[in-house]
Amino acid sequence: MSKSFRSLAGFGKRMEYYFIGQMLREGLECYVPLVDDNGVDCIIKKSDGTFIEIQIKARSKDVKQGDAALFSAIEHSARANYYFIFYSERLDCMWILSSEEFLKECVTNKNGKNVGKHSIWFNGCKNNREYCKPKFDKYICKDFSKFK
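Residues numbered from 1 in each chain as written. Predicted model: local features only at pLDDT ≥ 70, side-chain atom pairs only at ≥ 80, totals over all residues. Heavy atoms only, no water.

1. Examining the layout of surface pockets
And then number 1: Within this model, the second largest pocket holds a volume of roughly 220 Å³.
And then number 2: Taken together, Tyr18, Phe19, Gln22, Glu26, Tyr87, Asp92, Cys93, Met94, Cys141, Lys142, Asp143 and Phe144 make up the lining of the second largest pocket.
And then number 3: Sort the elements by how many residues they give to the lining of the second largest pocket and helix α1 (residues 5–25) lands first, with 3 residues.
And then number 4: Per-class residue counts for the lining of the second largest pocket are 7 nonpolar, 1 polar and 4 charged. (1 Å grid on protein atoms, 1.4 Å probe; cavity = no way out; pocket = protein on both sides within 12 Å on 5 of 7 lines; lining within 4 Å. Points joined across faces, edges and corners; volume = space filled by probe spheres on them. Helix = DSSP H or I, 4+ residues; strand = E, 2+ residues; numbered from the N terminus. Nonpolar A, V, L, I, M, F, W, Y, C, P; charged D, E, K, R; others polar.)

Given below as structure tokens:
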């Protein structure tokens, strides 16, 4: 049975709050916008008084085999002080990339209904087993010290 849109949207929102909670536990000063129409799920005020914007993307364990860490159809243009948190529940892995790093590593759709949108696939699949692609190891994070 496939998951409903409501269930999938609920997973995404739960993961946003989960990661914001983890950032607060690590002592980060987090603010949550009331409306998410700019791709900003969280704003962090750093100790030097500057701000960074965070977009949180998560894939549930229920996605199709081979797609545990596929994030697609992302609208994005380069932005200073902007970061993505990508999380795969099935791989239990988190990657953090700046806007610049994301645009360097992603694939941009050249045609079709998602032309101009970006995709990034952090995992591979061999012998029906998913794994994290080694080329993305440098972005794997266990905490949020990158934002301090």
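2. Details of the pattern of salt bridges
And then number 1: Going through the model one piece at a time under the given rule, you end up with 7 salt bridges.
And then number 2: Here Lys13 makes a salt bridge to Glu16, at a shortest N to O gap of 3.0 Å. Placement of the pair is Lys13 and Glu16 together in helix α1, with a separation of 3 residues, close to one helical turn. (Salt bridge = Lys/Arg side-chain N within 4 Å of Asp/Glu carboxyl O.)

3. Comments concerning the sheet that holds strand β1 (residues 29–31)
And then number 1: Read across the open sheet, the 5 strands follow the order β1-β2-β3-β5-β6; overall the sheet is mixed. Here the strands that pair on one side only, and so sit at the sheet edges, are β1 and β6 (93–98). Within the sheet, the average angular offset between the axes of one strand and its neighbour, ignoring direction, is 25 degrees.
And then number 2: Here 4 bridges tie strand β2 (residues 42–45) to strand β3 (residues 51–59), and the two strands are oriented antiparallel to one another. Across the sheet, Ile44 pairs through a bridge with Ile52, a residue of β3. (Pairing = 2+ DSSP bridges. Axes fitted to C-alpha atoms, helices over the stretch in contact; angles between N-to-C directions.)

4. Some words on the nonpolar core
And then number 1: Residues Met23, Ile44, Ile54, Ile85, Phe144 and Phe147 are the most contacted members of the largest nonpolar core, which totals 20 residues.
And then number 2: Where this core is concerned, the elements lending two or more residues are α1, β2, β3, β5 (82–88) and β6.
And then number 3: Looking at this core element by element, the count peaks at 5 residues for α1.
And then number 4: Ignoring sequence-local partners within four residues, the contact set of Phe147 consists of Met23, Leu28, Ile44, Lys46, Ile52, Ile54, Tyr83, Ile85 and Ile96.
And then number 5: Listed in part, the 16 residues of the second largest apolar core include Tyr82, Phe86, Leu97 and Tyr139. (Core = buried A, V, L, I, M, F, W, Y, C linked by side-chain atoms within 4.5 Å. Buried < 20%, exposed > 50% of the residue type's maximum accessible area, 1.4 Å probe, protein only. Contact = heavy atoms within 4.5 Å.)

5. A short note on the pairing of β2
And then number 1: With burial as the criterion, only one face of β2 is covered, namely that bearing Cys42 and Ile44; the residues Ile43 and Lys45 on the opposite face remain uncovered.
And then number 2: The pairing of β1 with β2 spans 3 bridges and is classified as antiparallel. Bridge assignment links Cys30 to a residue of β2, and that residue is Ile44.
And then number 3: Linking two consecutive strands that pair antiparallel, namely β2 and β3, is a turn of 5 residues; a positive phi of about 90 degrees is found at Gly49 within it.

6. Description of the packing of aromatic side chains
And then number 1: Taken as a whole, this structure holds 14 aromatic pairs when the rule is applied.
And then number 2: Ring centres 5.2 Å apart and planes at 75 degrees place the aromatic pair Tyr18 and Phe19 in the edge-to-face group.
And then number 3: Owing to a relative accessible area of 45%, Tyr18 belongs among the partly exposed residues under this scheme.
And then number 4: An aromatic cluster of at least three residues, connected via ring pairs, comprises Phe71, Tyr82, Phe84, Phe86, Trp95, Phe102, Phe122 and Phe136. (Phe/Tyr/Trp six-rings, centres within 6.5 Å; stacked < 30°, edge-to-face > 60°.)

7. What about the sheet that holds strand β7 (residues 107–108)?
And then number 1: With respect to topology, 3 strands assemble into an open sheet ordered β4-β8-β7, the strand pairing being antiparallel. The two strands at the open ends of the sheet, each matched to only one other strand, are β4 (70–74) and β7.
And then number 2: Bridging between β4 and strand β8 (residues 118–121) involves 3 bridges; their strand directions are antiparallel. The residue bridging Leu70 from the neighbouring strand is Trp121, located in β8.

By themselves, these figures tell us nothing about what the structure is for.
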